[in-house]
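Examining the three-dimensional arrangement
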Amino acid sequence: MSSMDLDSERYEKHRKAGEILQTVRAEAVERIEVGASHLDLVEHVESRIRELGGEPAFPMNVCVDEEAAHGTPSADDESTFGEEMVNVDIGVHVDGWIADAAITVDLSGNDELAEASGEALDAAIEMVEPGIDTGVLGDVIGRTIEGYGYQPVVNLTGHGLDHYEQHTSPNIPNKKVPEGVELEVGDVVAIEPFATDGRGRVGEGNAEQIYALEHETSVRNRQAREALDQITEEFRTLPFATRWLDVDRPEMTLRRLKQRDIVHGYPVLKEKKGSLVSQKEHTVIVTEDGCEVTTR
């Protein structure tokens, strides 16, 4: 790909999404403090994304302590922040072209753990250029986190970003893998190290507030049909929150759609109880001589 192509409309939209993300992430960080509401935070961020000319690429994730990913409040959630490790993961798209970034706001007094994932991310970004093997990026991420005395979360990875697709190849591992893939000019990837004082693997919890379309088909139930119309028109293949649906009793409607494999859910992913997880993520565009970080 020639560098001219990096000026194409697609990349301009990736950059615009990144600029919006930088603004709302800064506002989010300002609002995270002991006693603040999870729901108020995500509603502020998601509405600001829209005000600034983007759309959420997925529901804003709010994860605390051992939770690593896919946590987002329900419409009647009354949770507030305590003295916890808080991870927020934000996605923005402009016409389907995505920026994805995450940051840890530590209210628990474990700043070294928060630093470990940030340092690992910086070290990986330094190395990004055409031809770099994703396995090498995983190695530097894993070694940086281990250098702090923590574990990388090995069953979560960074990922490619494509049109209306928030998780696509290539995977960017968080530890050394024997065989990665080579990045090329024009690739857009989200690099997201997770560090933990737990065992270095996450499992699925019971809570599920985020879903995405699996396949379209006809449904007879009126509410399910209304929900499906909204999903296909507004969210397409991107993840959405139960609280975004404009139908009565959205939980029941989603259960019905899930039973028929029309949507799939994203359970909250967690480390072992009593452990902490930190996360830092940026989106980068691979350029001729390195990379451009759209979310920094």
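Residues numbered from 1 in each chain as written. Predicted model: local features only at pLDDT ≥ 70, side-chain atom pairs only at ≥ 80, totals over all residues. Heavy atoms only, no water.

Quick look at helix α3 (residues 111-127) now. For α3, spanning 17 residues, the distance from its first C-alpha to its last is 25 Å, which sits close to the expected 24 Å at 1.5 Å a residue. Among all positions of α3, only Leu113, Ala114, Ala116, Ser117, Gly118, Ala120, Leu121, Ala124 and Ile125 are buried. (Helix = DSSP H or I, 4+ residues; strand = E, 2+ residues; numbered from the N terminus. Expected span 1.5 Å × (residues − 1). Buried < 20%, exposed > 50% of the residue type's maximum accessible area, 1.4 Å probe, protein only.)

Applying the stated criterion to the full structure yields three aromatic pairs. Connected via pairs of aromatic rings, a cluster forms that spans Tyr211, Phe235, Phe240 and Trp244. The lysine or arginine in question, Arg50, covers the ring of Trp244, its NZ or CZ lying 5.7 Å from the ring centre. Of note, Arg236 hangs over the ring of Tyr164, and the distance from its end group to the ring centre comes to 4.0 Å. (Phe/Tyr/Trp six-rings, centres within 6.5 Å; stacked < 30°, edge-to-face > 60°. Lys NZ or Arg CZ within 6 Å of the ring centre and 35° of its normal.)

This part covers the pattern of salt bridges. Counting across every chain of the model gives 13 salt bridges. Among the ionic pairs, Lys13 bridges to Asp95, the shortest N-O distance being 2.8 Å. With Lys13 in helix α1 (residues 9-31) and Asp95 in the loop between β3 (85-94) and β4 (97-106), this pair connects stretches of sequence that are 82 residues apart. On the accessibility criterion, Lys13 (17% relative accessible area) is buried. One network of salt bridges, with partners in common, ties together Glu9, Lys13 and Asp95. (Salt bridge = Lys/Arg side-chain N within 4 Å of Asp/Glu carboxyl O.)

Turning to the layout of surface pockets, a few remarks are in order. By volume, the largest pocket amounts to about 370 Å³. Around the largest pocket, the lining comprises 21 residues; the ones closest to its centre are Ala69, His70, Gln166, His167 and Glu192. At the level of elements, β1 (55-64), β7 (165-172) and β12 (263-270) are the ones that each hand at least two residues to the lining of the largest pocket. Of the residues assigned to the lining of the largest pocket, the class counts are nine nonpolar, nine polar and three charged. Counted as a void, the second largest pocket has a volume near 240 Å³. In terms of lining residues, the second largest pocket is bounded by 15 residues, among which His38, Glu67, Thr72, Asp77 and Ser79 are the most central. (1 Å grid on protein atoms, 1.4 Å probe; cavity = no way out; pocket = protein on both sides within 12 Å on 5 of 7 lines; lining within 4 Å. Points joined across faces, edges and corners; volume = space filled by probe spheres on them. Nonpolar A, V, L, I, M, F, W, Y, C, P; charged D, E, K, R; others polar.)

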